[in-house]
Protein chains: 2
Amino acid sequence: MTVTPETETPPARGKRPKQGEPVIDRALSLLAVFSDRRRALTLSELARYADMPAPTALRLIARLVAWGALERLDDGRYVVGVRLWEVASLSPRGHGVREIALPYLEDLFEVTRHHVLLAVRDNEQAVLIERLSGKDATEVAYRVGGRAPLRSTAIGLVLLAGADQQFQETILKRPPENEPGVPEMPEGQLRRTLSDVRRTGIAMIRRTVPSRTVSVASPIFDAQGSVVASLSIVVPDGSTPPNVLAPAVRAAARAVSRNLGHQAVVSADARTHSQG
Amino acid sequence: MTVTPETETPPARGKRPKQGEPVIDRALSLLAVFSDRRRALTLSELARYADMPAPTALRLIARLVAWGALERLDDGRYVVGVRLWEVASLSPRGHGVREIALPYLEDLFEVTRHHVLLAVRDNEQAVLIERLSGKDATEVAYRVGGRAPLRSTAIGLVLLAGADQQFQETILKRPPENEPGVPEMPEGQLRRTLSDVRRTGIAMIRRTVPSRTVSVASPIFDAQGSVVASLSIVVPDGSTPPNVLAPAVRAAARAVSRNLGHQAVVSADARTHSQG
DNA sequence: CAATACTATTCCAACCATTGAAAGAACCCT
DNA sequence: AGGGTTCTTTCAATGGTTGGAATAGTATTG
């Protein structure tokens, strides 16, 4: 008796993994594969990291390339395209604040000759928008387009202190992350720190890794009074004292804020003076 | 036998305009709506400009917002998001060349105190990657992330001269575009100009609109010897003569090229010298 | 030089995400 | 109150989307 071999395999095509995810999400997950370490990727790498079959990846990538979101190199690998960069340059919180802040960052840099950083918050991290660095400045961990933690950097603390209350609570209730080179803060101390940052307009953090540095940061406000960005300076520990840097950083941040339409609250002292 | 009444109305819902366009293309066309003049858009504006029904636009936009490609403002309008900017910062031809070239652009700017521009070619236009401008510099038409024509700007001519032969022919056969303030070049003259640019490594153009300026540009090569970018300086006509600017611009462009791994061809003269 | 392993591409039938008219909700203006 | 606009939800039909399989191409190894 001849038994047809396929009697036992009804779900031959049945196992469709992940089918059903929106196309856009898949396309975006392809873009998300790119990172500092992965700037040029092959089809199979993209498919593997984005967790989808090669034919599917290829089809999506073809659309992205046609539009210019990705570009194909001579060796067949894919990179992020200029067209995407072009659209992204219209991002108000990306290139937008950068354009407005740049002259003041440059002033600060010219005066101090140390790292000057500009960052905005995206979700639970700070995204570095601009960095000015002298060729002889100390090593710094973060690159433009990169991310930094909120709780263990001065630039991040400023953004955290200026975030909406609900978000702050979410972060505060997390167990303190254990980052090397930065003393970890328990919830209570962190609360006090954030309060101080709001009152003084200055955040300060000492690091020992990757090198011994002091960072001083100050918030940038928009016309509505929300903290939209954070401006920071990073100097080798032991060079310029933080209390000398603070006024310069604050002044630069306020200048940017004013350009964004923020009406600074004049302190009682100053008002008394102008009245007297 | 009962005849069903719908025998005469098969195309009841049949008129589905534009249905069938790939989802990704639609999503990308939403991104493409944003421009210098349109940085914050409402749902209906996006739907109108991208030419799709509001519900469809809403659904797509929701995915884009979830990922971070777009962000929603308090007033309900949408803007390009930081997440997109972050990925775009990995674009080799965008932020990539910019990072490598920036120090040399700054040197050139410090010395001359005039507009210094960096651009790459995307299709039939130049895309401005970076611009350094003094606060007192002359008015210039182009912003970072913006586009400039290839044939009527110095920075564009350099990119055109360095493009593959086939592409150049396509452009050359076009009727000369009539841009105000720039003398239009017939095909023959343009051919000669491009040849000169390749030979001398310098392009020069005088404009009268929006102001009387002279632009001098020079190509940036990669390790394979391809022209990947163009570096330009724009000065008021009558200030520094172009033949004085040319060496500085060429030197800066060569410095960037070297950093990209380009092995410059040493001229016969120089070789003779080193041998003697 | 064949064998092996990997990557890239084409093909196609099943299928489910996608679609957009319709209707309702929420705001304007006047 | 009412006409006009924008935003949002719903839902059934359907065509774009899907991924296994097969094929072609390319690099590596014995």
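Quick caveat: nothing in here was measured; it's all calculated off a predicted structure.

Scoring rules and cut-offs
- Residues numbered from 1 in each chain as written.
- Chains lettered and ligands numbered in written order.
- Predicted model: local features only at pLDDT ≥ 70, side-chain atom pairs only at ≥ 80, totals over all residues.
- Heavy atoms only, no water.
- Contact = heavy atoms within 4.5 Å.
- Buried area = accessible area lost by both parts, 1.4 Å probe.
- Salt bridge = Lys/Arg side-chain N within 4 Å of Asp/Glu carboxyl O.
- Polar contact = N/O pair within 3.5 Å; in protein donor to acceptor, adjacent residues only side chain to side chain.
- Helix = DSSP H or I, 4+ residues; strand = E, 2+ residues; numbered from the N terminus.
- Expected span 1.5 Å × (residues − 1).
- Buried < 20%, exposed > 50% of the residue type's maximum accessible area, 1.4 Å probe, protein only.
- Arc of directions from axis to C-beta.
- pLDDT = per-residue confidence, 0-100.
- Least-squares fit on C-alpha atoms with pLDDT ≥ 70 in both.
- Phe/Tyr/Trp six-rings, centres within 6.5 Å; stacked < 30°, edge-to-face > 60°.
- Lys NZ or Arg CZ within 6 Å of the ring centre and 35° of its normal.
- Pairing = 2+ DSSP bridges.
- Axes fitted to C-alpha atoms, helices over the stretch in contact; angles between N-to-C directions.

Quick notes on the interface of chain A and chain B
Okay, step 1: With 50 residues of chain A at the contact, the number on the chain B side is 50 residues.
Okay, step 2: If you sort the residues of chain A by the area they bury against chain B, Ile24, Trp85 and Leu90 of chain A come out on top, with a joint share of 17%.
Okay, step 3: Counting the contacts that link chain A with chain B gives eight salt bridges.
Okay, step 4: With a shortest N-O distance of 2.6 Å, glutamate 86 of chain A and arginine 147 of chain B are connected by a salt bridge.
Okay, step 5: For the pair chain A and chain B, the number of links is 12 residue pairs in polar contact (both at pLDDT 80 or more).

Some points on helix α3 (residues 54-67) of chain B
Think of an α-helix as 3.6 residues a turn; residues three or four steps apart then line up on the same face.
Okay, step 1: Between the first and last C-alpha of α3 of chain B there are 20 Å, a value that for 14 residues agrees with the 20 Å anticipated at 1.5 Å per step.
Okay, step 2: Along α3 of chain B, the residues that are buried comprise Thr56, Ala57, Leu60, Ile61, Leu64 and Trp67 of chain B. Mapping the buried residues of α3 of chain B onto a view down its axis gives an arc of 120°, with all of them on the same face. Turned more than 90 degrees away from the buried face of α3 of chain B, the exposed residues are Pro55, Arg59 and Ala66 of chain B.
Okay, step 3: Among the structural elements, α1 (23-33) of chain A together with α1 (23-33), α2 (43-49), β1 (70-72), β2 (78-80) and α4 (82-88) of chain B are those in contact with the buried residues of α3 of chain B.
Okay, step 4: Among the residues trailing α3 of chain B, glycine 68 of chain B stands out with phi positive, at a value near 110°.

Thoughts on the environment of threonine 193 of chain A
Residue and element names in this part refer to chain A.
Okay, step 1: Secondary-structure assignment places threonine 193 in helix α8 (residues 187-200).
Okay, step 2: Given the relative accessible area of 19%, threonine 193 is considered buried.
Okay, step 3: For the pair threonine 193 and leucine 157, spaced 36 residues apart in sequence, the C-alpha separation works out to 8.5 Å.
Okay, step 4: Beyond its immediate stretch of four places on either side in the chain, threonine 193 contacts Leu157 and Met185.

Quick word on the confidence of the model for chain A
Residues and elements named next belong to chain A.
Okay, step 1: The predicted model of chain A has a mean per-residue pLDDT of 87, with 88% of residues at 70 or higher.
Okay, step 2: Here helix α10 (residues 268-275) stands out as the element of chain A with the lowest mean pLDDT, 59, in contrast to helix α6 (residues 154-161), whose mean of 98 is the highest.
Okay, step 3: Confidence over residues 1-17 falls short of pLDDT 50; this stretch has zero contacts with residues more than four positions distant or in other chains.

Some thoughts on the relation of the copies chain A and chain B
Okay, step 1: The two copies are related by a screw motion: chain A maps onto chain B through a turn of 180° and a shift of 0.0 Å along the axis, at an RMSD of 0.0 Å. Each copy turns onto its partner about a two-fold axis.
Okay, step 2: Mapped onto chain B, 100% of the interface residues of chain A are again interface residues, and the two copies thus contact each other with one and the same surface.

Looking at unusual backbone geometry
Okay, step 1: Cis geometry is found at the peptide bond from valine 209 of chain A to proline 210 of chain A, where omega equals 0°.
Okay, step 2: With a phi angle near 60°, aspartate 51 of chain B is a residue other than glycine that sits in the positive phi range.
Okay, step 3: Looking at where aspartate 51 of chain B falls in the secondary structure, it is placed in the loop between α2 and α3.
Okay, step 4: By relative accessible area, which is 49% here, aspartate 51 of chain B ends up partly exposed.
Okay, step 5: Residue arginine 113 of chain B is not a glycine yet carries a positive backbone phi of 65°.
Okay, step 6: Within the fold, arginine 113 of chain B resides in the loop between α5 (92-112) and β3 (115-122).
Okay, step 7: You can call arginine 113 of chain B partly exposed: its relative accessible area is 42%.

A few points about the packing of aromatic side chains
All names here are of chain B.
Okay, step 1: What the rule picks out here adds up to zero aromatic pairs over all chains.
Okay, step 2: Across the ring face of tyrosine 49, the terminal group of arginine 38 is positioned such that the distance to the ring centre comes to 4.0 Å.
Okay, step 3: Above the ring of tyrosine 49, the side-chain terminus of arginine 48 is found at 5.9 Å from the ring centroid.

Focus on the sheet that holds β3 of chain B
All names here are of chain B.
Okay, step 1: Here we have six strands laid out as an open sheet, ordered β5-β4-β3-β8-β7-β6, and antiparallel in their pairing. The open sheet has two free edges, formed respectively by β5 (147-149) and β6 (203-207), since each of these has just one partner strand. Averaged over neighbouring strand pairs, the angle between their axes works out to 35° when direction is ignored.
Okay, step 2: Looking at chain direction, β3 and strand β8 (residues 227-236) are connected through five bridges and run antiparallel. Counterpart to valine 116 in the pairing with β8 is isoleucine 233.

Structural notes on the pairing of strand β7 (residues 213-221) of chain A
Residues and elements named next belong to chain A.
Okay, step 1: Burial analysis of β7 places eight of its nine residues in the buried class, the great majority of the element.
Okay, step 2: Counted along the chain from strand β6 (residues 203-207) to the antiparallel partner β7, the turn is five residues long.
Okay, step 3: Relative to strand β8 (residues 227-236), β7 runs antiparallel, the two being bridged by nine bridges. Across the sheet, the residue bridging to isoleucine 220 is alanine 229, located in β8.

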